[in-house]
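Structural overview
Chain by chain, the residues:
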Amino acid sequence: MRRNIVAGNWKMNKLFSDADDLVNAIAEELRSYDTSDVDVIVCPPFPYLELVSDVSEDGDFFTGAQNVSKFENGAYTGEVSATMLKSLGVDYCIVGHSERRKYFKETNQDIAQKIDRLLNEDITPIMCVGESLDERESGRYLEVIRTQIEEGIFHLSADDMQRCIIAYEPVWAIGTGHTATKEQAQEVHAFIRNLIREKYNDDVAQEVSILYGGSCNPTNAKELFAMEDIDGGLIGGASLKHKDFIEIASSF
Ligand code: 13P
């Protein structure tokens, strides 16, 4: 059965010493919470992965990366491979975040390749999908999500699909303070789960955790996570404050 998950995406924030303070504060804060029914994941920038991974060994959380190369290894200057991530103790990796689609022109085909690299190394992909404001307002949002899912992840076998996490992050809700309502989020989560059911079967659909991301905070997390098909959150801004992040993680 699918797990409850809260993952913090630090994006391109924090200097090394601040990252050190933050991850240790998260580990400390987690000691006073019962998080047996939630997997907490911390996704720092690449240079801090080893630090976070070291602290996570004695802490009640996992380490995730924010991106991975679609290539295996070799002459790809500036890239970081799935094998490298594995060697640092990384267990999860975000792929296809809307910021990567927008600023780095990542395509659904790139994302599909990245997912394959990660699964080869036994790293759990957290695959992001989501529509722009224009796509929502014109009523095309479900079709956009369908294409992202079909082209990005539906090449997987049923077994591999069950090893993945999907994050619904409406672009208009990211960093804007305009959270999707619980009904708007639930509609898309149920739609995604139904796509998985139609492509594979109900067992697979029930195994895949689907996270919500976009201005999720300690005030709105509880009502979002209470929805039937929302299994947790991918948290940006609020994951940079340890108390807010852990409060969100204890919102189930
Ligand atoms: P915010 O929580 O800052 O809106 O960011 C969400 C996000 O993009 C997480 O990946």
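As a starting point, this report considers the structure included with it. (Residues numbered from 1 in each chain as written. Predicted model: local features only at pLDDT ≥ 70, side-chain atom pairs only at ≥ 80, totals over all residues. Heavy atoms only, no water.)

A word on the overall build of the chain
When you go through the chain residue by residue, the secondary structure sums to 12 helices and eight strands. The C-alpha atoms of the chain give 17 Å as radius of gyration, which agrees with the globular expectation for 252 residues (18 Å, within 12%). Along the longest, intermediate and shortest principal axes, the C-alpha atoms of the chain span 45 × 45 × 35 Å. For the chain, the residues scored as buried account for 52% of the 252 residues in total. In the chain, the share of contacts with a sequence separation of at least 24, taken over all contacts with a separation of at least 6, comes to 71%. Placing the 24 positive and 44 negative side-chain charges of the chain at their respective mean positions leaves the two points 4 Å apart. (Helix = DSSP H or I, 4+ residues; strand = E, 2+ residues; numbered from the N terminus. Rg over C-alpha atoms; globule rule 2.2 N^0.38 Å. Buried < 20%, exposed > 50% of the residue type's maximum accessible area, 1.4 Å probe, protein only. Contact = heavy atoms within 4.5 Å. Lys, Arg positive; Asp, Glu negative; His and termini not counted. Charge placed at Lys NZ, Arg CZ, Asp CG, Glu CD.)

Focus: the site of the ligand
Near the ligand you find Asn 9, Lys 11, His 97, Glu 169, Ala 173, Ile 174, Gly 175, Gly 214, Ser 215, Leu 234, Gly 236 and Gly 237, and these make up its full shell. With respect to the ligand, the backbone of Gly 236 contributes an N or O atom lying 2.9 Å from an oxygen atom. Taking 310 Å² as the accessible area of the ligand by itself, protein coverage stands at 94%. Partitioning the shell around the ligand into residue classes produces three nonpolar, seven polar and two charged. (Near = heavy atom within 4 Å. Polar contact = N/O pair within 3.5 Å; in protein donor to acceptor, adjacent residues only side chain to side chain. Areas by Shrake-Rupley, 256 points an atom, 1.4 Å probe, with all protein chains shown as cover. Nonpolar A, V, L, I, M, F, W, Y, C, P; charged D, E, K, R; others polar.)

What about the pattern of salt bridges?
Counting across every chain of the model gives 19 salt bridges. A salt bridge links Lys 70 to Asp 110; the nearest nitrogen and oxygen atoms lie 2.8 Å apart. Taken as a pair, Lys 70 in the loop between strand E3 (62-65) and helix H3 (82-87) and Asp 110 in helix H5 (residues 108-120) lie far apart in primary sequence, 40 residues in all. Its relative accessible area of 13% is what places Asp 110 among the buried residues. Ionic pairing is found between Arg 136 and Glu 131, a salt bridge with its closest N-O pair at 2.7 Å. Linked by salt bridges that have partners in common, Arg 2, Arg 193, Asp 229 and Asp 231 make up one network. (Salt bridge = Lys/Arg side-chain N within 4 Å of Asp/Glu carboxyl O.)

Here we look at unusual backbone geometry
A positive phi angle is found at Lys 14, which is not glycine, with a value near 80°. Secondary-structure assignment places Lys 14 in the loop between strand E1 (5-9) and helix H1 (16-31). With a phi close to 55°, Lys 105 is a non-glycine residue in the positive phi region. Inspection of the secondary structure puts Lys 105 in the loop between helix H4 (98-103) and H5. We classify Lys 105 as exposed; its relative accessible area is 62%.

Looking at the packing of H5 against helix H7 (residues 141-152)
Two elements in contact, H5 and H7, have axes separated by 8 Å at closest approach and are oriented at 45°. By the angle class used here, H5 and H7 are oblique. Judged by the sense of rotation from one axis to the other, the crossing of H5 with H7 is right-handed. For the pair H5 and H7, the contacting residues are Asn 108, Gln 109, Ile 111, Ala 112 and Ile 115 in the first and Thr 147, Gln 148, Glu 151 and Gly 152 in the second. Counted by class, the contact of H5 with H7 contains three nonpolar, five polar and one charged residues. (Axes fitted to C-alpha atoms, helices over the stretch in contact; angles between N-to-C directions. Parallel < 35°, antiparallel > 145°, perpendicular 65-115°, else oblique. Left-handed = near helix turned anticlockwise from the far one by under 90°.)

Considering helix H9 (residues 182-199)
Relative to the 26 Å expected for 18 residues at 1.5 Å per residue, H9 spans 26 Å between its end C-alpha atoms, a close match to the ideal helical length. For H9, the complete set of buried residues consists of Ala 185, Gln 186, Val 188, His 189, Phe 191, Ile 192, Arg 193, Leu 195 and Ile 196. (Expected span 1.5 Å × (residues − 1).)

Considerations on the side chain of Asn 108
Tracing the sequence through the fold places Asn 108 in helix H5. For Asn 108, the residues in contact, after removing those within four places along its chain, are Arg 101, Thr 147, Gln 148, Glu 151 and Gly 152.

Geometric values such as these leave the question of function open.
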